[in-house]
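Okay, here's what each chain looks like letter by letter:
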Amino acid sequence: MFTSFNSAELIVVHSLDVQAALQKLLSEHNIAHTVSIRNPHDIGGFFPVAEPAQLLSQEMQYTFFVYRKDLQQAHLLLEKEGYYDSCI
């Protein structure tokens, strides 16, 4: 179970296609992950929920989290695949 104590933020992306590709890549390499979806234009609230229509029509913010023990492996994989440079 992912908690703030055993997980770390890996990357934030703003494209549904990139989000899907990252999920597939992490799954193929057996890196457990979770994704938080947020509308960056939403004013927030206690429990903001993205509606399905918003996911397809607006730019959303997808934040990927992995277990802390897998963070280095995940960073290296994303760097190798060109998702960001080595300066992270």
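For the structure, see preceding data.
Residues numbered from 1 in each chain as written. Predicted model: local features only at pLDDT ≥ 70, side-chain atom pairs only at ≥ 80, totals over all residues. Heavy atoms only, no water.

## Let's talk about the overall build of the chain
In terms of helices and strands, the chain carries three helices and three strands. Ordering the α and β elements of the chain from the N terminus gives β-α-β-α-β-α. Per-residue burial over the chain gives 26% buried out of 88 residues. If you take every contact in the chain between residues at least 6 apart in sequence, the share linking residues at least 24 apart comes to 74%. Per element, the accessible surface of the chain, about 6,100 Å² overall, is 55% carbon and sulfur. (Helix = DSSP H or I, 4+ residues; strand = E, 2+ residues; numbered from the N terminus. Buried < 20%, exposed > 50% of the residue type's maximum accessible area, 1.4 Å probe, protein only. Contact = heavy atoms within 4.5 Å. Areas by Shrake-Rupley, 256 points an atom, 1.4 Å probe, with all protein chains shown as cover.)

## Re the nonpolar core
Membership of the largest hydrophobic core comes to 15 residues, with the highest contact counts inside it found for Leu10, Ile11, Leu26, Phe64 and Leu78. Every element with two or more residues in this core is listed here: strand S1 (7–13), helix H1 (16–28), strand S3 (61–67) and helix H3 (71–80). Among all residues touching Leu78, those that are not within four sequence positions of it are Leu10, Ile11, Leu22, Leu25, Leu26, Tyr83 and Tyr84. (Core = buried A, V, L, I, M, F, W, Y, C linked by side-chain atoms within 4.5 Å.)

## So, the packing of H1 against H3
Closest axis-to-axis distance for the H1/H3 pair is 11 Å, and the angle between their directions is 125 degrees. With respect to H3, the axis of H1 lies oblique. In this structure, H1 crosses over H3, and the sense of that crossing is right-handed. Counting all contacts with H1, which are made through Leu22, Leu25 and Leu26, the residues of H3 involved are Ala74, Leu77 and Leu78. Classifying every residue of the contact of H1 with H3 by side-chain character gives six nonpolar, no polar and no charged. (Axes fitted to C-alpha atoms, helices over the stretch in contact; angles between N-to-C directions. Parallel < 35°, antiparallel > 145°, perpendicular 65-115°, else oblique. Left-handed = near helix turned anticlockwise from the far one by under 90°. Nonpolar A, V, L, I, M, F, W, Y, C, P; charged D, E, K, R; others polar.)

## Focus: the environment of Thr63
Secondary-structure assignment places Thr63 in strand S3. As for Thr63 and Val35, which are separated by 28 residues in sequence, their C-alpha atoms are 5.5 Å apart.

## As for the environment of Phe5
On the secondary structure map, Phe5 appears in the segment before S1. On the accessibility criterion, Phe5 (74% relative accessible area) is exposed. With 62 residues separating them in the primary sequence, Phe5 and Tyr67 have C-alpha atoms 9.2 Å apart.

## Focus on H1
The end-to-end C-alpha separation of H1 is 18 Å, in line with the 18 Å expected for 13 residues at 1.5 Å each. Along H1, the residues classified as buried are Gln19, Leu22, Leu25 and Leu26. Looking down the long axis of H1, one finds its buried residues gathered within 130 degrees of arc, a one-sided arrangement. The outward face of H1, more than 90 degrees from its buried face, is lined by the exposed residues Asp17, Lys24 and Glu28. Buried residues along H1 sit in contact with S1, strand S2 (33–38), S3 and H3. At the N-terminal end of H1, a side-chain oxygen is found 3.3 Å from the backbone nitrogen of Asp17, two or three residues along, and the residue is Ser15. Just beyond H1, the residue with positive phi is Asn30, at close to 55 degrees. (Expected span 1.5 Å × (residues − 1). Arc of directions from axis to C-beta. Polar contact = N/O pair within 3.5 Å; in protein donor to acceptor, adjacent residues only side chain to side chain.)

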